[in-house]
Amino acid sequence: MEEEKQAWGSRVGLILAMAGNAVGLGNFLRFPVQAIQNGGGAFIIPYLICFLLMGLPLLFVEWSSGRFGGNFGHHSTPFILDSMDKKKFWKYIGVFGIFTNVAVASYYCYLESWTLSWVWHSISGSFVGQSQEQVANFFGNYVSLTTIEPIIFWIICLTLNTWILSKGLSGGVEKVAKIGMPLLLIFGAFLAYKAITLHTGESGAINDGTAGLNFLWTPDFSSIWSAKVWLAAAGQVFFTLSLGMGSIHCYASYIKKKDDIALNAMSAGWMNEFVEIVLGSAILIPIAVGYLGVDKVMEMTKSGGLGLGFQTLPYLFQQWGGALAIAAGVAWFGLLFFAGVTSSLAMGTPVMGFLQDEFGWKRGNSALAFGCIVFLLGLPTVLFFNYGVFDEYDYWAGTVSLVVFALFEIILFSWVFGIDKGWKEIMDGADIKVPNIFKFIIKYITPIFLLGVFIGSLPGIWNQITNVALYQEIAETTDTFAIEQLKTKMLYVNISRIGLLLLWLAIAYLVYIAYKKRIKEGRFTS
Amino acid sequence: MNTSALIMMLVTEVIVTFITAYFFYKVLTTPPKPEPDSFTENDEEIRN
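Only a predicted model underlies this, so the values are computations on that prediction, with no experimental measurement involved.

Examining the overall build of chain A
A count of helical and extended segments in chain A gives 24 helices and zero strands. Overall, chain A is about 70 × 50 × 50 Å in size when its C-alpha atoms are taken along their principal axes. Per-residue burial over chain A gives 60% buried out of 526 residues. Long-range contacts, defined here as pairs at least 24 residues apart, represent 83% of the contacts in chain A between residues at least 6 apart. Looking at chain A as shown, the accessible area adds up to about 19300 Å², and 67% of this sits on carbon and sulfur atoms. Taken as two groups, the 33 positive and 34 negative side-chain charges of chain A have centres that lie 12 Å from each other.

Describing the confidence of the model for chain B
On average, residues of chain B score 89 in pLDDT, and 90% of them reach the 70 mark or higher. In the predicted complex, the global pTM is 0.94; the interface-specific ipTM is 0.92.

Re the interface of chain A and chain B
Chain A puts 41 residues into the contact, and the matching count from chain B is 26 residues. Both faces considered, chain A and chain B share a buried interface measuring about 2900 Å² in area, 70% of it formed by carbon and sulfur atoms. Area buried by chain A at its contact with chain B is led by A:Trp217, A:Lys258 and A:Trp270, which between them contribute 19% of it. At the surface where chain A touches chain B, the tally comes to two salt bridges. Here B:Lys33 makes a salt bridge to A:Asp431, at a shortest N to O gap of 3.1 Å.

Focus: the packing of aromatic side chains
Between two aromatic rings, the relevant description is the distance of the centres plus the angle of the planes. Residue and element names in this part refer to chain A. A complete count under the given rule lists 42 aromatic pairs over all chains for this structure. On the numbers, 6.4 Å between centres and 90° between planes, the contact of Phe28 with Trp332 is edge-to-face. Residue Phe28 is found in helix α2 (residues 25-29), and its partner Trp332 is found in helix α18 (residues 322-359); the two are separated by 304 residues along the sequence. The structure contains a cluster of three or more aromatic residues connected by ring pairs, namely Tyr107, Tyr110, Trp114, Trp118, Phe127, Phe138, Phe139, Tyr142, Phe310, Phe333, Phe385 and Phe390. Over the aromatic face of Tyr515 sits the side chain of Lys91, whose NZ or CZ is 3.9 Å from the ring centroid. The residue whose ring lies beneath Lys194 is Trp320, and the NZ or CZ to ring-centre distance is 4.9 Å.

Considerations on a nonpolar patch on the surface
All names here are of chain A. Nonpolar side chains collect at one region of the surface, where Ile411, Trp415, Val416, Ile437, Phe440, Tyr444 and Ile448 lie side by side and expose about 670 Å² of accessible area between them. Contributions of two or more residues to the nonpolar patch are made by α20 (389-416) and α22 (437-465). The leading source of residues in the nonpolar patch is α22, at four residues. You can see Trp415 is positioned in helix α20.

Focus on the side chain of A:Ser281
Tracing the sequence through the fold places A:Ser281 in the loop between α14 (262-279) and α15 (284-292). The class for A:Ser281 is buried, based on a relative accessible area of 0%. Among the polar contacts listed, one links the side chain of A:Ser281 to the side chain of B:Glu13, at a separation of 3.4 Å. Among residues more than four places away in sequence, those in contact with A:Ser281 are A:Phe31, A:Leu213, A:Leu216, A:Trp217, A:Glu276, A:Pro286 and B:Glu13.

So, the pattern of salt bridges
All names here are of chain A. One pass over the full model with this rule turns up 16 salt bridges over all chains. Two residues, Lys178 and Glu174, come together in a salt bridge whose shortest N-O distance is 3.5 Å. Taken together, the positions of Lys178 and Glu174, both in helix α10 (residues 169-196) and four residues apart, correspond to about one turn of that helix. Two residues, Lys257 and Glu425, come together in a salt bridge whose shortest N-O distance is 2.9 Å. One end of the pair, Lys257, is in the loop between α13 (247-252) and α14; the other, Glu425, is in helix α21 (residues 419-427), and 168 residues separate them in sequence. The class of Lys257 is partly exposed, set by a relative accessible area of 37%. Linked by salt bridges that have partners in common, Arg67, Lys257, Lys424, Glu425 and Asp428 make up one network.

A word on α18(A)
With 38 residues, α18(A) should reach 56 Å at 1.5 Å per residue; the first-to-last C-alpha distance of 54 Å fits that figure. For α18(A), a buried count of 31 out of 38 residues is recorded, marking the element as mostly surrounded by other parts of the structure.

A few points about empty space enclosed by the protein
Residues and elements named next belong to chain A. Tallied over the entire structure, the rule returns three cavities of 30 Å³ or more. By volume, the largest cavity is sized at about 60 Å³. Looking at the largest cavity, the residues that line it are Met18, Ala22, Leu59, Trp63, Leu241, Ile248, Ala265, Ala268 and Gly269. Looking at the lining of the largest cavity, the elements with two or more residues in it are α1 (11-22), α4 (44-70) and α14. Among the elements that take part in the lining of the largest cavity, α14 stands out by supplying three residues, more than any other.

Side note on the environment of A:Ala482
For A:Ala482, the location among the structural elements is in helix α24 (residues 480-521). Separated by 203 residues in sequence, A:Ala482 and A:Leu279 have C-alpha atoms that sit 41 Å apart.

Some thoughts on the nonpolar core
Across soluble globular proteins, nonpolar side chains show a tendency to be buried alongside one another. Residue and element names in this part refer to chain A. Counting 188 residues, the largest nonpolar core has Phe28, Trp63, Trp114 and Trp332 as the members making the most contacts within it. Broken down by element, the residue count for this core peaks at 17 residues, all from α18. Membership of the second largest hydrophobic core comes to six residues, among which are Leu470, Ile474, Ile483 and Val493.

Examining the packing of helix α7 (residues 96-124) of chain A against helix α17 (residues 306-318) of chain A
Residue and element names in this part refer to chain A. With their axes 12 Å apart at the nearest point, α7 and α17 run at an angle of 10° to one another. Between α7 and α17, the interaxial angle falls into the category roughly parallel. Taken together, the residues of α17 that come into contact with α7 (itself represented by Leu111, Trp114, Thr115 and Trp118) are Leu306, Phe310 and Pro314. Classifying every residue of the contact of α7 with α17 by side-chain character gives six nonpolar, one polar and no charged.

Concerning unusual backbone geometry
With an omega dihedral of 0°, the bond running from B:Glu35 to B:Pro36 counts as a cis peptide bond. Within the secondary structure layout, B:Pro36 lies in the loop between α1 (3-29) and α2 (43-47). In this model, A:Ser242 sits at a positive phi of 55°, which is unusual for a non-glycine residue. As for its position among the elements, A:Ser242 is in the loop between α12 (227-241) and α13. Accessibility expressed as a relative area gives 7% for A:Ser242, which makes it buried. Unlike most non-glycine residues, A:Asn467 shows phi in positive territory, near 55°.

What counts as what
Residues numbered from 1 in each chain as written. Chains lettered and ligands numbered in written order. Predicted model: local features only at pLDDT ≥ 70, side-chain atom pairs only at ≥ 80, totals over all residues. Heavy atoms only, no water. Helix = DSSP H or I, 4+ residues; strand = E, 2+ residues; numbered from the N terminus. Buried < 20%, exposed > 50% of the residue type's maximum accessible area, 1.4 Å probe, protein only. Contact = heavy atoms within 4.5 Å. Areas by Shrake-Rupley, 256 points an atom, 1.4 Å probe, with all protein chains shown as cover. Lys, Arg positive; Asp, Glu negative; His and termini not counted. Charge placed at Lys NZ, Arg CZ, Asp CG, Glu CD. pLDDT = per-residue confidence, 0-100. Buried area = accessible area lost by both parts, 1.4 Å probe. Salt bridge = Lys/Arg side-chain N within 4 Å of Asp/Glu carboxyl O. Phe/Tyr/Trp six-rings, centres within 6.5 Å; stacked < 30°, edge-to-face > 60°. Lys NZ or Arg CZ within 6 Å of the ring centre and 35° of its normal. Patch = residues over 30% accessible without salt bridge, like charges linked within 9 Å, V, L, I, M, F, W, Y side chains within 5 Å. Polar contact = N/O pair within 3.5 Å; in protein donor to acceptor, adjacent residues only side chain to side chain. Expected span 1.5 Å × (residues − 1). 1 Å grid on protein atoms, 1.4 Å probe; cavity = no way out; pocket = protein on both sides within 12 Å on 5 of 7 lines; lining within 4 Å. Points joined across faces, edges and corners; volume = space filled by probe spheres on them. Core = buried A, V, L, I, M, F, W, Y, C linked by side-chain atoms within 4.5 Å. Axes fitted to C-alpha atoms, helices over the stretch in contact; angles between N-to-C directions. Parallel < 35°, antiparallel > 145°, perpendicular 65-115°, else oblique. Nonpolar A, V, L, I, M, F, W, Y, C, P; charged D, E, K, R; others polar.

Written out as structure tokens, the structure is:
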């Protein structure tokens, strides 16, 4: 019996799935930290400018490229990009659109499994009566694998993702988005209300919740002239919108030519901004500042928002006591789980699309294949978390790869495919009139912006390749045991880097086989 | 909250909320395209 063709169930479902793809843990853990480290309220100025000049244009480009390729029956970036120009190498640029999803899912699913685990521990009362240090140690012990629990939750999370993916677009991904996104908004609104109405002296709080908002939103306008702040803003826009990953292309490839993409892209993009700016700024920092004060939060956020979210907030929720502490824990980690799962499902879809289109795999088998690949590649991030493998995956797949792919795709769309043809693609079936200025922005401003981001990242990339930070740590350490540990860490980091390179090459080889297969079968290829 | 922080927050959040609501409202109120479209949930209704 032939498998039913993949399709979206409804337009709202598509938009919620796209918004869910964009809304991730970074909206709640990364954005507020980036804001306080880069000019407070003034950060929103470069951030929104980057959103308008780079984020929205790239959304239009990715939605329209995806729909264009989808009309030729392609649902993953190698052959979507291939359909846009006659030159053969574009399909290999499209490899990034599969590589990124596989590699990011490999560590992201582990992160997602923490949220599930923390929901469970919030309900079962594991944090009741614990000191702040004990809650922080709980996290340290968890990632050090002192018990088998992290692996169990990780496998549950992977199985859940695989099962949902096997149900298809409308039966799986879309249903989760329709349940998960409204729940995420409800949980977020509840926590934001609790955070903002926090009063000094109430349950041990040393500040009002508004002190945190004040800390986050007080603008330091001098920061606007800093290149570092602009790079941070551009980076945040990238991560938050899931640009340069290939997942947007894949979701959009199931849209017919006459259906709108312009309004859909606007709606999903702004929905993400609402979650990030309105909800993302109103939970983590106000609660943390309310209980810990500005100086301590400033110190704690130097290493990012992850520690604050998983190591500190569960302790702070306990100050609310009883059922409210459980409700807050479930809401916070439930919110992070829904943010995570809607994103990880989007990472699985392009991989499945590739296997189904090119090798005729059935949906269930391709979902299982994705689950198995993520399990195998994710295993090092779980087992060797403390050796920097997780961060290494995040750096190369979740940062560098996105910028490289986006830079290539904007050049392809604007200059090779041609902006006139591209603009027609964006406007075909559009339910809104996109201002003509975006034609100019997509052709000139966005590529320059992306080139700037890429060039700005080059020193960091070089430092990463040459392990500058690790060598520096070794030089500053006198303890021989610590030096040995750092050397072991460097070994694991180098091995994971080589592993990621081999993964990219393996996917490129599969694309080559698929290309040869297409020629043999007389199927469309440029 | 100090005035500059309050203004920055309110202006940003009002603008972002308004734009988000506007585009989502537009999605909800735009009539669907004639069949066959990209969405399966309305297929049955059309046939009946």
